Amino acid sequence: NAGVIQTPRHKVTGKGQEATLWCEPISGHSAVFWYRQTIVQGLEFLTYFRNQAPIDDSGMPKERFSAQMPNQSHSTLKIQSTQPQDSAVYLCASSLVGGSYEQYFGPGTRLTVL
Amino acid sequence: AQSVTQPDARVTVSEGASLQLRCKYSYSGTPYLFWYVQYPRQGLQLLLKYYSGDPVVQGVNGFEAEFSKSNSSFHLRKASVHWSDSAVYFCVLSANSGGSNYKLTFGKGTLLTVTP
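Residues numbered from 1 in each chain as written. Chains lettered and ligands numbered in written order. Predicted model: local features only at pLDDT ≥ 70, side-chain atom pairs only at ≥ 80, totals over all residues. Heavy atoms only, no water.

Here the focus is the interface of chain A and chain B. Interface size is often expressed as the accessible area that is lost when the parts come together. Each partner contributes residues to the interface: chain A has 21 residues there, and chain B has 21 residues. With both chains or domains summed, chain A and chain B bury close to 1,700 Å², and 55% of this area falls on carbon and sulfur atoms. Applying the counting criterion to the chain A and chain B interface returns two salt bridges. Note that Lys103(B) is salt-bridged to Asp56(A), the shortest N-O span being 3.4 Å. Applying the counting criterion to the chain A and chain B interface returns eight residue pairs in polar contact (both at pLDDT 80 or more). Top contributing element to the side of chain A that touches chain B by residue count: strand β5 (residues 42-50) of chain A, with four residues. Considered class by class, the residues forming the side of chain A that touches chain B number 10 nonpolar, eight polar and three charged. (Contact = heavy atoms within 4.5 Å. Buried area = accessible area lost by both parts, 1.4 Å probe. Salt bridge = Lys/Arg side-chain N within 4 Å of Asp/Glu carboxyl O. Polar contact = N/O pair within 3.5 Å; in protein donor to acceptor, adjacent residues only side chain to side chain. Helix = DSSP H or I, 4+ residues; strand = E, 2+ residues; numbered from the N terminus. Nonpolar A, V, L, I, M, F, W, Y, C, P; charged D, E, K, R; others polar.)

This next bit is on unusual backbone geometry. In this structure, Pro8(A) follows Thr7(A) across a cis peptide bond, with omega equal to -10°. Considering the arrangement of structural elements, one finds Pro8(A) in the loop between β1 (5-7) and β2 (10-13). At Ser81(A), a residue that is not glycine, the phi angle is positive and equals roughly 45°. Among the secondary structure elements, Ser81(A) is positioned in the loop between β8 (74-79) and β9 (88-95). According to the relative accessible area criterion, Ser81(A) is partly exposed, its value standing at 31%. You will see that Ser72(B), though not glycine, has its phi angle at about 50°, which is positive. As for its placement among the helices and strands, Ser72(B) is situated in the loop between β8 (64-68) and β9 (73-78). In this structure Ser72(B) comes out as partly exposed when scored by relative accessible area, which is 24%. (Buried < 20%, exposed > 50% of the residue type's maximum accessible area, 1.4 Å probe, protein only.)

All right, on to the sheet that holds strand β3 (residues 19-24) of chain A then. Residue and element names in this part refer to chain A. The strand order across the open sheet formed by four strands is β1-β3-β8-β7, and the pairing between neighbours is antiparallel. Each of the sheet's edge strands pairs with one partner strand only, and the pair in question is β1 and β7 (65-71). If you compare each strand with its neighbour and ignore which way they point, the axes differ by 20° on average. Note: β1 against β3, three bridges, orientation antiparallel. What sits directly across from Ile5, in β3, is Glu24. (Pairing = 2+ DSSP bridges. Axes fitted to C-alpha atoms, helices over the stretch in contact; angles between N-to-C directions.)

Tallied over the entire structure, the rule returns eight salt bridges over all chains. Of the charged contacts, one joins Arg36(A) and Glu44(A) as a salt bridge, the two residues approaching to 3.4 Å between their closest N and O atoms. A relative accessible area of 24% places Glu44(A) in the partly exposed class. Between Lys78(B) and Asp85(B) there is a salt bridge; the shortest N-O distance is 2.8 Å. Note on accessibility: Lys78(B) and Asp85(B) belong to one class, buried.

Take the nonpolar core next. Generally speaking, nonpolar side chains in soluble globular proteins are found buried as a group. Residue and element names in this part refer to chain B. Residues Leu19, Trp35, Leu47, Leu48, Phe74, Leu76 and Tyr89 are the most contacted members of the largest nonpolar core, which totals 27 residues. Those elements giving two or more residues to this core turn out to be β2 (10-14), β3 (19-21), β5 (32-38), β6 (44-50), β8, β9, β10 (87-94) and β12 (110-115). Here the element with the most residues in this core is β10; it accounts for four residues. Setting aside anything within four residues of it in sequence, one finds Leu47 in contact with Trp35, Tyr36, Val37, Gly59, Val60, Phe63, Leu76 and Tyr89. (Core = buried A, V, L, I, M, F, W, Y, C linked by side-chain atoms within 4.5 Å.)

On to the state of the cysteines, then. Within the structure shown, the criterion is met by two disulfides over all chains. Two residues, Cys23(A) and Cys92(A), share a disulfide whose sulfurs are 1.8 Å apart. An S-S torsion of about -65° defines the bridge between Cys23(A) and Cys92(A) as left-handed. Taken as a pair, Cys23(A) in strand β3 and Cys92(A) in strand β9 lie far apart in primary sequence, 69 residues in all. Using a relative accessible area of 1% as the deciding quantity, one classes Cys23(A) as buried. Here Cys23(B) connects covalently by a disulfide to Cys91(B), the sulfurs 2.0 Å from one another. On the sign convention where negative means left-handed, the S-S torsion of about -65° between Cys23(B) and Cys91(B) marks this disulfide as left-handed. Of the two residues, Cys23(B) sits in the loop between β3 and β4 (24-26) while Cys91(B) sits in strand β10, which places them 68 residues apart along the sequence. (Disulfide = S-S within 2.5 Å.)

Below you can see the structure in the form of structure tokens.
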């Protein structure tokens, strides 16, 4: 079991550019979560998919951020017109079913916006 | 609203000494509780979890935690730490019912440094 895979591990973008982050959940896990981690805010929930359907995006900034899960083997988080304040580590996690099963985290993508 | 407080941002212990990392939670019912560890430049790894039953739960690498409903606490313990235990430890809560029981609430984390 390879665990949750996230690519790229590091991404540097210029202000105003687009960034797309990829996540491959653990095979058989039907729930996928995205989180953002910063020194100031800590770990924040962004969005949640269950069986590829978006269930909760209450943590997503209303503008510029979007997430998709086109198939059961990957999810993407896209940030348009990146800003320096978007710099963070973006973590993807997956779990069985959803609900209160433990979540397994990927290594994260460190996004740096210059 | 639910919350998790880890009162110690940093803890330093000597190798071989015992360890306790504190965690207090706020939640109206009995939550599901987890401890995760994050090593430098890595994702979070699950150490242990509490759902119900025996309040003392065992985890990986000799870690254990004790749930106390009366104290709203879930402290992490280890009898003898190793230098490789140096990492950031997160106490995490989720609701045990309701439509939002997938949402994890994280503490701010405790940076553990084990000195030789």
